[in-house]
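Topology and contacts: notes
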Amino acid sequence: MTLTTNPVSPRERGADEKGRSTERPFDVDRVRQDFPILATTVHDKPLVYLDNAASAQKPRAVIDAERRVYEECYANVHRGVHQLSMRATDLYEASRVKVQKLLNAASHKEIVFTRGTTEAVNLVAAAYGRKHVGAGDEVLITGLEHHSNIVPWQMLCEEKGARLRVAPIDDAGEVVLPELEKLLGDRTRIVSVAHVSNALGTILPIRRIVEIAHARGVPVFVDGAQAVPRLPVDVQALGCDFYAFSGHKAYGPSGIGVLYGRAEVLSAMPPFQGGGDMILSVTFEKTVYNDIPYKFEAGTPHIAGAIGLGAAVDYMTTLGLDAIHAYEDQLLAYGTEKLSRVPGLRIIGTAREKTGVLSFVLDGVHPHDVGTVLDYEGIAIRTGHHCAQPVMERFGVPATARASFAFYNTRDEIDALVRGLHRVREMFA
Ligand SMILES: Cc1ncc(COP(=O)(O)O)c(C=O)c1O
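I will try to describe carefully the structure that is included in this document. (Residues numbered from 1 in each chain as written. Predicted model: local features only at pLDDT ≥ 70, side-chain atom pairs only at ≥ 80, totals over all residues. Heavy atoms only, no water.)

We now examine the sheet that holds strand β5 (residues 138-142). A sheet is described by the order of its strands in space; here 7 strands give the open sequence β4-β10-β9-β8-β7-β5-β6, paired in mixed fashion. The sheet is open, and its two edges are formed by β4 (111-114) and β6 (163-167), each paired on a single side. Averaged over all pairs of adjacent strands, the angle between strand axes in this sheet comes to 20°, irrespective of strand direction. Note that β5 and β6 share 5 bridges and pair parallel. Bridge pairing in β6 places Val139 opposite Leu164. (Pairing = 2+ DSSP bridges. Helix = DSSP H or I, 4+ residues; strand = E, 2+ residues; numbered from the N terminus. Axes fitted to C-alpha atoms, helices over the stretch in contact; angles between N-to-C directions.)

Within the structure, the ligand sits among Thr117, Thr118, His146, Ser148, Asn198, Asp223, Ala225, Gln226, Ser246, His248 and Lys249. A distance of 2.5 Å separates an oxygen atom of the ligand from a polar atom in the side chain of Lys249. The protein chains hide 85% of the 390 Å² of surface that the ligand would expose on its own. Of the residues in the shell around the ligand, the class split is 1 nonpolar, 8 polar and 2 charged. (Near = heavy atom within 4 Å. Polar contact = N/O pair within 3.5 Å; in protein donor to acceptor, adjacent residues only side chain to side chain. Areas by Shrake-Rupley, 256 points an atom, 1.4 Å probe, with all protein chains shown as cover. Nonpolar A, V, L, I, M, F, W, Y, C, P; charged D, E, K, R; others polar.)

Next up on the list: the pairing of strand β11 (residues 279-282). The side chains of a regular strand alternate between the sheet's two faces. Bridge count for β11 against strand β12 (residues 287-289) is 3 bridges, and the pairing is antiparallel. Each residue of the ladder has a partner; that of Val282, found in β12, is Thr287. Hairpin connection from β11 to β12: 4 residues lie between these consecutive antiparallel strands.

Put into structure tokens, the structure is as follows:
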């Protein structure tokens, strides 16, 4: 198959010709002004939004981009010869190219728009999995996966009589690589792992995992839901076969997400869903499927969502992905230090490579109570099992409280969280 490639220049990726970062230092006060919701109050207190791993807030650029679609050029895509349809199609396809550049994919044809990460996993489990996984085969995941990267594989295994294998994690929340390697066997048909754990913040060594799997001819799916908002991601450097993320966690709209797949792998896959746009021709006898990526985009897509996602990609790229990562690392270090000093607080997940997420439990207080008291202080955190019940089981807790950071958070907000936690302790003493 001939690929149309859109080569990505170093400058577009925020680097000079030698690959050095050209990104500017981070101005969080200015950045905060781009997010209207951050000026809001909750229970008459300034909002402190620390639930970014669940969903991130949207900059004005994204809100405006979506609104403009509906006000100025809304029509269905890929169908009309009229102006509006052509303009909407151009914008929709331009977003695909933006995502291609964000992930450094070799071609825009490798970028499939989905509803989110969950749909991307289901797509690959159904289309790739049904074709390649049979009775007695194995699918390998890790012990820190989100339910979205467990259940679709479990369903596939049940249907096919295959076996789900799970690489264990250690007490710090790191995947035990030698165990993962041991679990990769002749029957392994696919490895599916998170890039960053939503429950613990662990960054997985994806390149190494891909090397180990590819050495045995096994393809790798990477769940990048928590990574794309936080780290520069280069799918060619990682070498993975599939990579997925959700728009809403990456400062874009909800209901839109991305599946990256290597062109030859996607081309060889059967479709996921049937319907309009994924076909070249239909008769009652036979349907000829469209080329990638359209083969995997049946029906009218989330047009404004995809365009809004393009605006989010532009926004993050302008801030600089290295700058975002460096700033969030500072916040995490600050938060880890401050929270560690709260009496009775235990941080769950202490991996050496970590980003964005601080999960913790407080002696004698249920996480839901922690979350409720903090809410009255205007502080939004997540409490519960974070759609990662096996992780909770591994650490012997029913739930945790989780503060997760974005580049618009500040040290002052972490200080507010710490004050709130002291208040929780006083109330439950
Ligand atoms: C690591 C991880 N994978 C998958 C998902 C599912 O994402 P979505 O609900 O956007 O499909 C999440 C959401 O929290 C996540 O954190």
